[in-house]
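Summary of the model geometry
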Amino acid sequence: TQEGTLKVKLISYKGSETSVTIPNVVDGNIVSAIGGNIFGEDSNGNGRNVTEVDFSDGLIEIDAQSFLGIANLIKLGSFPSSLKKVGDSAFYNCSNLEAEVSNILKTTISYGSNVFKGCTKITGDIGIAMSVLIKETDTKILDYMFSGMSGLTGTITIGSNIEEIGEYAFDGCSGVAGIDISNS
């Protein structure tokens, strides 16, 4: 294999730094994915102290549960334009993650379920979040899709394409002013 042509997935973090940049190359190979639970604690207790993560260009996928439950995580760098998928529960219960919804949700990325569930400090208009996470071809708002995202504001508008709202889809969205189902 020529240097730089093999794509690899990062599966664990062994450092103790609190500010981490996901590299675009490791040992001459392109980093295309971040594995699940990459920041899980090692035998020295390292990993869960990560407070800030930046992403390099070339990253294509963030696996399910990659940052699951990292309460110390406060800041995410911008997602690179190369990112195409964020897996289920990728940032689930990152309760101190501070972000504006318009900076972390992009129409070019496919998001799994529960991606930001319990991220109470994500702020912004729920209409923007819904327009990105719910495609025109979707007929269901997934279970727990916006659950625990109390920093979201505005009005929930249910489109005519939605036939079903999943369990607890908007549970804990205390900043939301109301629900508009007039077009349903």
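For the structure, see preceding data.
Quick look at the structure, then. (Residues numbered from 1 in each chain as written. Predicted model: local features only at pLDDT ≥ 70, side-chain atom pairs only at ≥ 80, totals over all residues. Heavy atoms only, no water.)

1. What about the pattern of salt bridges?
By the definition in use, this model includes five salt bridges. Of the charged contacts in the structure, one is a salt bridge between Lys 85 and Glu 61, with a shortest N-O distance of 3.9 Å. With Lys 85 in strand 8 (residues 85-86) and Glu 61 in strand 6 (residues 61-62), this residue pair connects regions lying 24 residues apart in the sequence. Residue Lys 85 is classed as partly exposed on the basis of its relative accessible area of 40%. Close ionic contact of Lys 140 with Glu 164 constitutes a salt bridge, the shortest N to O distance being 3.7 Å. Residue Lys 140 is located in strand 12 (residues 140-141), and its partner Glu 164 is located in strand 14 (residues 164-165); the two are separated by 24 residues in the primary sequence. By relative accessible area, Lys 140 is classed as partly exposed at 28%. Overall, Glu 164 belongs to the partly exposed group, its relative accessible area being 45%. (Salt bridge = Lys/Arg side-chain N within 4 Å of Asp/Glu carboxyl O. Helix = DSSP H or I, 4+ residues; strand = E, 2+ residues; numbered from the N terminus. Buried < 20%, exposed > 50% of the residue type's maximum accessible area, 1.4 Å probe, protein only.)

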